[in-house]
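# Close look at the chain arrangement
Below, each chain spelled out in residue letters.
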Amino acid sequence: MDLITCGGLTALELVALQFNNGLARLSSFKTFFAVVLLQYTLLRLYRIILYPTFISPLRNLPGPKDHNLVLGQEVKKFKAESPSSIQLQWMRKWPEAPFIRYLSLAGKEVLLVNSLAAHRAVLQTNVYDFVKPPFFARLVGEIAGVGLLFAEGDMHRRERRLLAGPFSVPSMRKLLPVFRRKAKDLSKTFEHLLGVESHATIETIEAFSKSTMDTIGVTVLGIELDTLSSMYPRSFQELYGQLLHQGALGQLISVVNAFVPIRNIVPLKANYDFIKASADLRQMLRDIIQKRAADLADGTFGREKGESRDLLTYMLEEAELRRQETGKEVWSVDDILGHMIGSKHQLTTSLLGHETTATTLTWSLYVLATDHAVQDQLRSEIKSLLETDPEPDYDAISGLPYLHNFVREVLRVYSPDLLIEGVPIPKGTQIDLNIALAHQHPAVWGPDAASFNPARWDALSGAAATPFAFAAFLQGPRTCPGRSFALAQVKAVLVELVPRWRFLGIAEGGGKGARLRRAGEECVGRGVRLANPSLTNRPAGGLFVRFERLA
């Protein structure tokens, strides 16, 4: 855009000079491009140095000043030990500031939300004044798709209303048997690993990712994903994993593509593999949608009485019902593809949710394996329920207070997603919401904000008692519609696993001879490192938990 602006200004200037002075030779291509380059250089110097340093109304806000002239703070963020560690350092240095200002690429000013009042303003009071920036749409949209995540204004309101049904509490009551069945399948994985040994080790990220993906397959697409293996050269899980967990070169291409759209022109194998996996997965999902639509149309698709509709079936049936009532298409085919598939090189937001659920379960086992007192208390509560109700329903599981506190504390301390107040914010300013800042702010949660303590939820007061203190699913109109879905799935897995298995500690790797990490080595930041960069707050290289069967 800057080049176009400079080109237009140069053309006007040269025309004016030629008209006034008769200097026709100034309109030569050589002169034209020289003037464009000069003006572009001056404009970039203004944007990178002069404006953010001397002119911007945000220049006096608190924030780091040790930025790189061209790359800003991005190199430090990239090299940090976790996706949020640099931001947490800034929060502790300026705890009272509603916003922390830092510079990103090419002098781009960014405001990091640092108070609950500012969170409320961004997520509720002025929610539709803030839209997703183009670079974020390219970076996350390549994985998450274009549905509700990137909808704005009236479209966002409409999508929220239409998606409320399949994620409502009554729907969760019907889906709980699916969650419990998949949790029992996961417990069989533990059985298989243990065999006749006294103890074994499981890599939790891979195990939970497969389990939650299988659950999403049934609840979102209405199919068992394993049934697709015989129909396509590569499985659904393999294709999805290739998109979400790229190698270093693939990650670099995705990051660059977020700022400069290069996806379709980079002649490297890592890029070709990404594009091919995206196209194959897109075709697989398109086949599923087209077959479901045909089965619904001719009446060959059926489900058991009382069974909850999967998301795809719900969208297709609701679209047809609204069309019959109003004569208009509420969801076009492209709308459904946006939610279930995404646009080119993109994956559905609904399917991406499995990764955050798997990450939450991974950190749940990390806590249980490193804090046996918490593990014993959680097991005692769950066993008491199972003794009176061996097959508890949604309401019985939701009524377990310590389990509820435990899950909320996991989401607070180990937030899975890295997704005003008197400050005049110029139009176009980038606003960063980092969930970890709200969840670990001492002014909100007290001096032990970084500590894991489920009991804190029994006596919330002050700022911690406000809705915006807990932002794992965001708040206000941007609240994740799958909140009840995610919580029910996590709780169902824990109810199945905790009474049957004792989690002994964090191992250095898989295999019988792997040593347990002790004397602080099991702590996050020491023996357990976080992946960075990463769209989710996941351990780097996996998390190996040693377990044994309970007598």
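Everything discussed here concerns the structure shown above.
Let us look at the structure shown here. (Residues numbered from 1 in each chain as written. Predicted model: local features only at pLDDT ≥ 70, side-chain atom pairs only at ≥ 80, totals over all residues. Heavy atoms only, no water.)

Turning our attention to the sheet that holds strand β1 (residues 99-103). The three strands lie next to each other as β1-β2-β4, forming an open sheet whose pairing is mixed. Either end of the sheet is taken by a strand with one partner, and the two such strands are β1 and β4 (430-432). The mean angle between the axes of side-by-side strands here comes to 30 degrees, regardless of whether they run parallel or antiparallel. Pairing geometry for β1 and strand β2 (residues 109-113), over five bridges, is antiparallel. Within β2, the residue paired with Leu103 across the bridge is Glu109. (Pairing = 2+ DSSP bridges. Helix = DSSP H or I, 4+ residues; strand = E, 2+ residues; numbered from the N terminus. Axes fitted to C-alpha atoms, helices over the stretch in contact; angles between N-to-C directions.)

Further remarks concern the pairing of β1. With five of five residues buried, β1 is to be regarded as a mostly interior element. Because side chains alternate across β1, one face comprises the buried residues Phe99, Arg101 and Leu103, and the other comprises Ile100 and Tyr102, equally buried. Hairpin geometry of β1 and β2 is characterised by an intervening segment of five residues between the two adjacent antiparallel strands and by a positive phi of about 55 degrees at Ala106. (Buried < 20%, exposed > 50% of the residue type's maximum accessible area, 1.4 Å probe, protein only.)

We now examine the pattern of salt bridges. Per the stated rule, a full pass over the model turns up 23 salt bridges. Here Glu224 makes a salt bridge to Lys182, at a shortest N to O gap of 2.7 Å. A residue pair is termed long-range when its members are at least 10 positions apart, and Glu224 in the loop between α9 (204-221) and α10 (236-244) and Lys182 in helix α8 (residues 169-194) qualify at 42 residues. By relative accessible area, Lys182 is classed as buried at 7%. One salt bridge connects Glu548 with Arg502, and the closest N-O pair in it is separated by 2.9 Å. Of the two residues, Glu548 sits in strand β6 (residues 544-549) while Arg502 sits in strand β5 (residues 501-507), which places them 46 residues apart along the sequence. By relative accessible area, which is 22% here, Glu548 ends up partly exposed. Residue class for Arg502 comes out partly exposed when judged on its relative accessible area of 32%. (Salt bridge = Lys/Arg side-chain N within 4 Å of Asp/Glu carboxyl O.)

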